[in-house]
Amino acid sequence: MVVLRTTCVLLTALSRAASVTSRLVGIPTVPFTTSGDGAYSVTSLKALVVDSNFAESRDETGETLIPPTLQDFAKTFAADLSSVLDLDISLSNANEATQDSIFLTLGEPSKYVDVTGAPTAEGYTLSVNSSGIVISGASPLGAWWGTRTILQQALLSNSSIPYGEGDDAPGWRTRGMMLDAGRHYYPPEFVIELCAYMSFFKQNIFQLHLSDNLYNNVNLYSREQSLQLGAWFRLWSESEDLAGLAKYKNESYTKDQFDEMQSACASRGVTVIPEIEAPGHSLSIVQWKPELALSSDLSQLNISYPDTIPTMKTIWSTFLPWFQSKTVHIGADEYTGDVNEYNRFVNVMAGYIHQESGKAIRIWGTFPPKPEYDNVYRNVSIQHWEFFEDDPYHDYILNNYSVLNSDDTFYTVAKWSGSYPQVVDVARTFDGDPADGGLWQPFVFDTRTAANNPERADPRVLGAVTPLWNDYGPNATVYSEAFYTWRDGIPALADKQWGGDLSASEFAAASAPLLPRAPSQNLARAVASVSPTVLDYRAAEATRRRYFGALGSGWRDAAVPDRSGNGYDASTDCAVADAAVRLTPSCAFRTPLSSKGRDYALSLRLRVDEVADGTRDAVLASGADSELRLTPALSFLASGNYYRLNATTVPLGRWVDLTVVGRGNQTFARVTETALDAALPELGGSDGDDGEEFFAVLGVNGQSLVWAPIAIEAPIGQIGGADSNWSGQLAAMRLSSEA
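Keep in mind that what you see is a predicted model, and the values were worked out from it rather than measured.

1. Details of the overall build of the chain
Thought 1: Counting its regular elements, the chain contains 14 helices and 43 strands.
Thought 2: For the chain, whose C-alpha radius of gyration is 28 Å, the value lies close to the compact-globule estimate of 27 Å for 739 residues.
Thought 3: The dimensions of the chain, computed from C-alpha atoms along their principal axes, are 85 × 75 × 55 Å.
Thought 4: Residues counted as buried form 59% of the 739 residues belonging to the chain.
Thought 5: Restricting the contact set of the chain to residue pairs at least 6 apart, pairs at least 24 apart contribute 71%.
Thought 6: Carbon together with sulfur atoms contributes 48% to the accessible area of the chain, which is approximately 28000 Å² in total.
Thought 7: Here the chain holds 54 positive side-chain charges and 88 negative ones, and the gap between their average locations is 5 Å.

Printed below as a string of structure tokens:
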């Protein structure tokens, strides 16, 4: 990676300014009072020491049922120090700090309070002097958030942290994001990486919306069409009682996978809150049991039907043992049936879930309480999202309900929407308080009218969770586009959810170096490189490697050196002759990499001689996130969906330069006939011609189609190979980070 010296100078100046104002600029900001002009360099660290008196302590007061110990958090932190700061220091337990160490311990919990004045286990004290660094947490989770501060400050301040001390604690208990995994599946590893990214900025809740359907246009669709409409339930159980509920095992979460996601997220202080949607948005349940449908809208449940509530109890009794959170979400959004039946459904399910598991439940604000209703129990928390559904302050908070702020001020809808943006409105976090035009924080439900907001310290405001919706289904986006929707939004929201006070200019300066360095994730699919040229292979330079063993000697696969200077040498078990790798379905050309995200230009000089008879697809290149195919048009298979070009293909028996360009949220491909010995073309566009663009085609409520750009990662793991269904030759493969 190329490091710009000007960035270091800017960040050092930023940190010095923060010291003067008794706060450290980070995401979130950290209260901190300096002592003198000195600073401790983390490069001097020799040890990470865990207070042996508290090594096995856990925070039992938080949202998760699987809280890590202080020792667990320390192990994760040690790995982060190595991966982020290249610090490989010893980890040990002792009763006190040693010279040049980070000492993790626990302090007096009552010292740390949230915005309401109530104690919070997520607070910590950061102390820095010439001997080292001490983090004293209200709990192990509090100490964990302190470790995030150390990593950030080291990145922002050229590896040094000023001498001094500060007490830091979040203003609100619930801080996070919600992902619509109902209408778009995301693999467990992607969810886990998102948790790591969120955790770096001290968010602690990841709500997973696990069932939903495309909009059921009752004015257009027949009953048969509604029963065939896209609808998904993402939890896979082997129970006979639920056979047929989840249709696609490869795009559902098994218990082992859900356990893995919850455990990995909890290891970084993030609790997964599961949401199973009913009685609205329930077409996946109705397609399983059509008799449960509301006659006026098959995507909603008829609550009065005798088997509806027992069916929902069966679903919840199956999955409650999976869920390692103290709160679960039953959806209850946008129901158009009878309000009294709705309220009965919510209360029955709340009582049942609490009786079976001791868990609390949350619902989306739908039918606010009225004197004439038998209202929803007050121990059911409300997730507000839009003022046409409810007035969170006047309807709920003043009636003693606890409310989570998910107002659609910060809503996003993936790829396209007639109402909402495709990236978080970061600017609004800096001016979203209508009382003074100042910073938005979770108590601000209405960014236009101050009278609709409670006091900042109102204890019935739980915090804020910001959703990303996939209204137009799974083919609208590839997985990584969810990350880009949130890339800037997560840190911007996290600062204000915690109670931080970053200005727009401070956020811009801090986010540039921090965002790409969040540990334990590579959501951007970045590839380290000493120059814009990431890979450069020429088959003519392949050499066979000899091996020697007890039974004699022989020849290994051929090595193909990387001319880029990065050392990403490739290998092949194919024959190499006449300056080309002879590819067949029984051999492959392999690199040590897999995918490259935005931006890139991938160029292949190849010849496809034959596509296997009877096959529809030939896999030219493959990686973890995508495959480049002939179908026979040039196509991508990514995130479970095909994206095909209309007019571009690879002719058989001819040498071509195949170039794929990923620029921002767009992807292009160009095929140009050439000769084996012709000069290789410049990477990227040729005379402004990127070729044909790949598009996602979105169906909008059965009424229209929308063509939208799609950002697909470059598949750079393998050319050809088993099940590739083609034979041919590869002369060169090059990849640039400039498009």
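2. Brief notes about the state of the cysteines
Thought 1: Taken as a whole and judged by the stated rule, the model has two disulfides.
Thought 2: Here Cys 195 is linked by a disulfide to Cys 265, with a sulfur-sulfur distance of 2.1 Å. Classification of the bridge connecting Cys 195 and Cys 265 rests on its S-S torsion, roughly 85 degrees, and on that basis the disulfide is right-handed. Here Cys 195 is found in helix 4 (residues 188–200), whereas its partner Cys 265 is found in helix 6 (residues 255–266), with 70 residues between them in sequence. As far as burial versus exposure is concerned, Cys 195 and Cys 265 are alike and both buried.
Thought 3: Residue Cys 574 pairs covalently with Cys 587 via a disulfide, S to S 2.0 Å. Residues Cys 574 and Cys 587 share a disulfide whose torsion about the S-S bond is about 105 degrees; that sign makes it right-handed. Placement of the pair is Cys 574 in the loop between strand 26 (570–572) and strand 27 (575–577) and Cys 587 in the loop between strand 28 (580–583) and strand 29 (588–590), with a sequence separation of 13 residues. Here Cys 574 matches Cys 587 in class, with each residue buried.
Thought 4: Cysteine pairing for the chain (bonded cysteines numbered in sequence order): 1-2, 3-4.

3. Things to note about helix 3 (residues 140–156)
Residue pairs three or four apart in sequence face the same way in an α-helix, which turns once every 3.6 residues.
Thought 1: Along its 17 residues, helix 3 runs 25 Å from first to last C-alpha, staying within 8% of the 24 Å computed at 1.5 Å per residue.
Thought 2: For helix 3, the tally of buried residues reaches 17 of 17 residues, placing the bulk of the element in the interior.

4. Observations concerning a nonpolar patch on the surface
Thought 1: Residues Phe 695, Val 697, Leu 705 and Trp 707 make up a contiguous nonpolar surface patch of roughly 400 Å² in combined accessible area.
Thought 2: Topologically, Phe 695 is positioned in strand 39 (residues 695–700).
Thought 3: Classification of Phe 695 as partly exposed rests on a relative accessible area of 33%.

5. Considering the environment of Pro 109
Thought 1: By secondary structure assignment, the location of Pro 109 is in the loop between strand 6 (101–106) and strand 7 (124–129).
Thought 2: A relative accessible area of 41% places Pro 109 in the partly exposed class.
Thought 3: Note: C-alpha distance between Pro 109 and Leu 235 (126 residues apart in sequence) is 38 Å.
Thought 4: If near-sequence neighbours (up to four positions away) are discounted, Pro 109 is found in contact with Thr 120 and Ala 138.

6. Details of the sheet that holds strand 4 (residues 47–51)
Neighbouring strands of a sheet are bound in pairs by backbone hydrogen bonds; such pairs are parallel or else antiparallel.
Thought 1: With mixed pairing, the seven strands of this open sheet are ordered in space as 3-9-7-8-6-4-5. The open sheet has two edge strands, strand 3 (33–41) and strand 5 (90–94), and neither has a second partner. Mean inter-strand twist for the sheet, computed between neighbouring axes without regard to direction, equals 25 degrees.
Thought 2: One ladder, built from five bridges, connects strand 3 with strand 9 (residues 160–168); its direction is antiparallel. By the bridge assignment, Thr 34 is partnered in strand 9 with Gly 164.

7. Details of the pattern of salt bridges
Thought 1: One pass over the structure, following the stated rule, counts 33 salt bridges.
Thought 2: Residues Arg 563 and Glu 541 are paired through a salt bridge, measuring 2.6 Å at the closest nitrogen-oxygen approach. Here Arg 563, found in the loop between strand 25 (552–560) and strand 26, pairs with Glu 541, found in the loop between strand 23 (533–538) and strand 24 (543–549); they are 22 residues apart in sequence, far enough to count as distant.
Thought 3: Here Glu 541 falls in the partly exposed class, since its relative accessible area comes to 30%.
Thought 4: Among the ionic contacts, a cluster of salt bridges with common partners joins Asp 180, Arg 183, Asp 212 and Asp 471.

Criteria and thresholds
Residues numbered from 1 in each chain as written. Predicted model: local features only at pLDDT ≥ 70, side-chain atom pairs only at ≥ 80, totals over all residues. Heavy atoms only, no water. Helix = DSSP H or I, 4+ residues; strand = E, 2+ residues; numbered from the N terminus. Rg over C-alpha atoms; globule rule 2.2 N^0.38 Å. Buried < 20%, exposed > 50% of the residue type's maximum accessible area, 1.4 Å probe, protein only. Contact = heavy atoms within 4.5 Å. Areas by Shrake-Rupley, 256 points an atom, 1.4 Å probe, with all protein chains shown as cover. Lys, Arg positive; Asp, Glu negative; His and termini not counted. Charge placed at Lys NZ, Arg CZ, Asp CG, Glu CD. Disulfide = S-S within 2.5 Å. Expected span 1.5 Å × (residues − 1). Patch = residues over 30% accessible without salt bridge, like charges linked within 9 Å, V, L, I, M, F, W, Y side chains within 5 Å. Salt bridge = Lys/Arg side-chain N within 4 Å of Asp/Glu carboxyl O. Pairing = 2+ DSSP bridges. Axes fitted to C-alpha atoms, helices over the stretch in contact; angles between N-to-C directions.

Treat this as a map of the structure, not an account of what it does.
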